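Spelled out, the chains give:
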Amino acid sequence: MPRGRLRIYLGAAPGVGKTYAMLAEGQRLRSLGADVVVGLVEPHGRRPTAVMAEGLETIPRCALSHRGRLFTEMDLDAVLVRRPQVALVDELAHSNVPGARNAKRWQDVEELLAAGIDVVSTLNVQHLESLNDVVRQITGVRQRETLPDEVARQADQIELVDLPPEVLRRRMVHGDIYPPDRIESALTHYFRVGNLTALREIALLWLADRVEEGLQRYRAEHGIVAPWETRERILVALSGGPEGETLIRRAARISTRTPGTELLALHVVPEDGLTRVDPAVLAAQRTLVETLGGSYHQASGQDVVELLLQFAEAESVTQIVLGASRHGRLASLLRAGVGERTIRGSGPVDVHIVTHEEAAGAAGLRLPHTSRGMGARRYWGALAGAVVLLPVLTLVLTALRGRLGLSSDLVIYLLAVVVVALVGGVWPALLAAVATALMADYYFTSPVHSFGVERPDEVTALVVFVATAALVGTAAAAAAQRAHQAARATSEARALSRLSAAMMRGQDLTTLVELIRENFGLSAVSLLERDLEATPAPGWYVVASAGELPPEKPYESDVESPVDDDLTLAARGPGLSPEDRRIFAACAAELGLAHARGRITGGNGSANTLADAERTRASLLLAAGRDLGATLRTGEESLARLRRHRAGERGPDQARLLDTAHAAIHRAVQLVTDLDDLSRLHAGALDLYLRPVDLNEVLGVALDDLGPGGHSIVLRLPEYMPDVIADAALLTRALTALGADALRNSPPDRPPAVTAEVLDTCVTIRVVDGAPGGTAESMTTGASGWSPAGRADSLALRLSRDMVEAMDGSLETATDESAFSATLTLPSSAPGGAASVGR
């Protein structure tokens, strides 16, 4: 069976006309001969919406009872049995009444789609899960009903129903959205121009992303690789050098000129792993990219330009920002640079070449560092070896002058140049090549002991020798440098892998510290943590150590690598090179992670033990409470039957005792029920259904639940009282508990009172005891022997407070000279509360 298609009318705010558009689409499909039914529509009293629904078949709703109240929801089974071609289902993010087959309406819609029924629905952008916190920051209203973004993204069609803020506010003034008594409050709160503009922009951007996903899917399905400039995407290529920040800021300035531009950064790591880039520099550049609103990416491969262009093609990049080449003119003549090759292969993508301080020629001619890659010791050792080796070699060749020709002498000299290059690098090799050429000219060409050359073939041989020696020496130096770097990288990787493997095996900190000491050949290593409780000033204590006389303070060490402000790795031994210090710092960071993980594991063990004990205790109490409740209810029923059967046979004292026993058992039953509700509330098992609730109706139900005593409570309510955002059943339960508590602690001649006050964004309900003022002693004991100070922590008040707080309200208690009071505060729906937003 083919799956049905889902169409969503998306709005930025209530009142833009989503439901009207959905019904209009239903009428259009019906006129074309389609079988259309209304599964559920919420017209909210709007006459044009109700008129648009006329003529469409409507499936009757099903009634559900929840905590003594009747609610209506879409009859999913009836719609499935009817099997129309199209079902109109309003408010996709709606939460169903507890007891329905599915908790959410979108789950009902999923069943309709699975049955092959097309669905047309509505959705406000503030109900999308990913935007919930953003909308709350803008409007100050927390959305209880949310929809997973994936559900909306899987819709076959999403159509935006849009109105400018001014038009929407004008509709509000004309009474087309809310009733007259709520218009002024809505205009000054939720429906402010700034709020509506921000919500409209959020809706447009979210839908633009959805369109972008569809476009990328279309291009992939049709094999379209050329970039379509539907949105500017700027890619900045990072080499890991210090010029990266300049390029990032330049690309960010370009992107800000066009709203909606996307900034991306890419760093390519060669597959051989020999390029030495400071991780700290890359981390700083990544942070800068993300701070400027861009995204950082990394790729690995042989050819930087090829990977750069492949990434640009995959992401539909429209502009590439590159740094000017750091290579000199000679290197540029020998091989095209990254910028030039990128320009050749970029096609329609614009390429910006940005100058910077590191570019060749920007700071004058620079020579490479003399000891780069090989070490100063090897560099000077190669020079010293050349100074000794070349004269000795010349003496030996002079002694063999009659046996060897010039070509043999030059080959032997070439071997010496290669040896120098392997030891010291490029510059010692070049110096050795020039020196050997001069020695060969002075000692082995005619005229001897002169720098002049008589024979042209010898001139050619010397020139070729110098060129060959320079090239071979350079190649040998490069090979030696790469071998050195590879060996270095291998040793670094081995050291870090050994430490990581030990951590994964769960080795203790002492073993890990000993492993670090062995890796770096140190005499002693300590992991030190700051002792914040030490007096008079914070000190340090050793967490783990290895070796002889490990340092106990950071200043006692030869090498130190802080992990954070309170943890450091200190060592004694020979000084470490900069490369070794970098790896030492990486090991310190891993050791810090192992230390933190050990703490968390220990804490989790204790927490798990406590949690197991708490669960056991809670389960025992729950089982005991249920058994006790069943026993008490049996006793209550027995007493009730006894009172009915022996009504005419007992005397006044017996009747009073039976009434007292029945009231006590009823109170005990209520106490057990309160404990059960409180435990379920704390466990999150108590369902909430927040909607606008008529406070007058809830108070009437609560007074009826209190029995005859409830009708003696004095009510002082304002003439107009807006709905409050609450769960009707939960609010009734809380008010009943507060009323019962007040009745128990009030004398018969002074019943408690309930007052209400309407504020800007909330409604307060105050339950006051009828206890008269009196002496300090009477205030201490209370009307019924209760302490007013202890009443604030009574079970009834704790249950009421937790229920009210679960509905985003608050409950405060106070004791003054006249009585004890409990003040309950709940958000009002008048200023555009959660219920208003849902419409």
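Worth saying up front: this structure is predicted, and the values here are computed from it rather than measured.

In terms of regular secondary structure, the protein chain is built from 27 helices and 24 strands. Residues classed as buried in the protein chain amount to 41% of the 839 residues present. Sequence separation of at least 24 residues holds for 69% of the intrachain contacts in the protein chain that already meet a minimum separation of 6.

Okay, the nonpolar core next. Of all hydrophobic cores here, the largest spans 59 residues; its most connected members are I8, L88, L112, L123, L128 and L147. Here this core gets six residues from one element, more than from any other, and that element is helix α9 (residues 193-221). With sequence-adjacent residues up to four places away left out, L88 is seen in contact with M22, L23, G26, V36, V37, V38, G39, L40, L56 and V120. The next biggest cluster of nonpolar side chains, apart from the first, holds 35 residues, and it includes L706, V754, I765 and M807.

Our focus in this paragraph is unusual backbone geometry. One non-glycine residue with positive phi stands out, namely E91, at about 50°. Along the polypeptide, E91 turns up in the loop between β6 (86-89) and α4 (105-114). Although it is not a glycine, L549 adopts a positive phi angle of roughly 50°. Tracing the chain through its elements places L549 in the loop between β15 (539-547) and β16 (559-564). For L549, a relative accessible area of 69% gives the class exposed.

Further remarks concern the packing of helix α10 (residues 244-256) against helix α11 (residues 279-291). Where α10 meets α11, the axes come as close as 10 Å, and the angle between the chain directions of the two elements is 10°. Comparing the axis directions of α10 and α11 gives the class roughly parallel. On the side of α10, the interface is formed by G244, E245, I248 and R249, while α11 contributes Q285, L288 and V289. Here the contact of α10 with α11 is built from residues that sort into three nonpolar, two polar and two charged.

Bringing helix α22 (residues 695-705) into the picture now. Those residues of α22 that sit buried are L695, V698, L699, A702 and L703. The buried residues of α22 occupy an angular sector of 135° when the element is viewed end-on, so they sit on one face. The inward-facing, buried residues of α22 contact β18 (691-693), β19 (714-716), α23 (728-744), β21 (753-758) and β22 (762-768). The opening residue of α22 is D694, an N-cap whose side-chain oxygen sits 3.0 Å from the backbone nitrogen of N696. G707 sits one or two positions beyond α22 and adopts a positive phi of about 80°.

Spatially, β19-β21-β22-β24-β23 is the arrangement adopted by the five strands of the open sheet, whose pairing is mixed. Looking at the sheet topology across the chains shown, the edges are occupied by β19 and β23 (810-815). For this sheet, the mean inter-axis angle between neighbouring strands, taken without regard to orientation, is 15°. As judged from the six bridges shared by β23 and strand β24 (residues 820-827), these two strands associate in the antiparallel manner. Residue pairing across strands places T813 opposite A822, the latter belonging to β24. This element, α23, spans β22, β23 and β24 of the sheet and lies at about 170° to β24.

At a minimum axis separation of 10 Å, helix α12 (residues 304-314) and helix α14 (residues 338-345) run at an interaxial angle of 40°. As judged from the angle between their axes, α12 and α14 are oblique. For the element pair α12 and α14, the recorded crossing hand is right-handed. Between α12, through V305, L308 and L309, and α14, the contact on the second element is made entirely by V338, R341, T342 and G345.

Residue position: W206 is located in helix α9. On the basis of relative accessible area, W206 is assigned to the buried category, the value being 6%. Taking C-alpha positions, W206 is 9.9 Å from L128, a pair spaced 78 residues apart along the chain. Among all residues touching W206, those that are not within four sequence positions of it are L10, L128, L131, D149, A152, R153 and I158.

This next bit is on the pattern of salt bridges. Overall, the coordinates contain 22 salt bridges when judged by the stated rule. Where E145 meets R691, a salt bridge forms, and the shortest distance between an N and an O atom there is 3.6 Å. Here E145, found in the loop between α5 (132-139) and α6 (149-153), pairs with R691, found in strand β18; they are 546 residues apart in sequence, far enough to count as distant. For E290, the salt bridge is made with R286, and the minimal N-O distance between the two is 3.3 Å. Of this pair, E290 and R286 both sit in helix α11, four residues apart, roughly one helical turn.

Read across the sheet, six strands follow the order β3-β2-β6-β7-β1-β8 without closing on themselves; strand pairing throughout is parallel. Pairing within the sheet leaves two strands with one partner each, and these edge strands are β3 (57-58) and β8 (157-161). By the bridge criterion, five bridges tie strand β1 (residues 6-11) to β8 in an arrangement that is parallel. For I8, the partnering residue across the bridge sits in β8 and is I158. In the packing of helix α1 (residues 18-31) onto the sheet, contacts are made with β1, β2 (36-40), β6, β7 (118-124) and β8, and the angle to β1 comes to roughly 145°.

Time to look at helix α19 (residues 509-520). The end-to-end C-alpha distance of α19, which contains 12 residues, comes to 17 Å, matching closely the 16 Å that a straight helix rising 1.5 Å per residue would cover. Those residues of α19 that fall on the buried side of the exposure criterion are L509, L512, V513, L515, I516, R517 and F520. Phi for G521, located one or two positions after α19, is positive at around 65°.

Relative to strand β17 (residues 567-572), β16 runs antiparallel, the two sharing five bridges. Looking at the pairing, S561 lines up with L569 of β17. Hairpin connection from β16 to β17: two residues lie between these consecutive antiparallel strands.

Another aspect to go through is the environment of E145. The class for E145 is buried, based on a relative accessible area of 13%. Remark: the alpha-carbon pair of E145 and H94, spanning 51 residues in sequence, is separated by 6.0 Å. At 3.1 Å, the side chain of E145 and the backbone nitrogen of S95 are in polar contact.

A separate point is the side chain of S255. Note on placement: S255 falls in helix α10. From its side chain, S255 meets the backbone oxygen of A252 in a polar contact 2.7 Å long.

A few words on the side chain of E73. Relative to the helices and strands, E73 is located in strand β5 (residues 69-73). Here V97 takes part through its backbone nitrogen, which lies 3.1 Å from a polar atom of the side chain of E73. Once residues lying within four places of it in the same chain are set aside, the contact partners of E73 are L40, R61, C62, L64, H94, S95, N96, V97, R105 and Y689.

Further remarks concern the confidence of the model for the protein chain. In low-pLDDT segments, the atomic positions of the prediction should not be examined closely. Taken as a whole, the protein chain shows an average pLDDT of 76; of its residues, 72% reach a score of 70 or greater. Within the protein chain, no element has a lower average pLDDT than helix α27 (residues 834-837), which sits at 36, and none a higher one than β6, at 95. In the predicted structure, residues 773-789 sits below a pLDDT of 50 and forms 21 contacts with residues beyond four places in sequence or in another chain.

How each quantity is defined
Residues numbered from 1 in each chain as written. Predicted model: local features only at pLDDT ≥ 70, side-chain atom pairs only at ≥ 80, totals over all residues. Heavy atoms only, no water. Helix = DSSP H or I, 4+ residues; strand = E, 2+ residues; numbered from the N terminus. Buried < 20%, exposed > 50% of the residue type's maximum accessible area, 1.4 Å probe, protein only. Contact = heavy atoms within 4.5 Å. Core = buried A, V, L, I, M, F, W, Y, C linked by side-chain atoms within 4.5 Å. Axes fitted to C-alpha atoms, helices over the stretch in contact; angles between N-to-C directions. Parallel < 35°, antiparallel > 145°, perpendicular 65-115°, else oblique. Nonpolar A, V, L, I, M, F, W, Y, C, P; charged D, E, K, R; others polar. Arc of directions from axis to C-beta. Polar contact = N/O pair within 3.5 Å; in protein donor to acceptor, adjacent residues only side chain to side chain. Pairing = 2+ DSSP bridges. Left-handed = near helix turned anticlockwise from the far one by under 90°. Salt bridge = Lys/Arg side-chain N within 4 Å of Asp/Glu carboxyl O. Expected span 1.5 Å × (residues − 1). pLDDT = per-residue confidence, 0-100.

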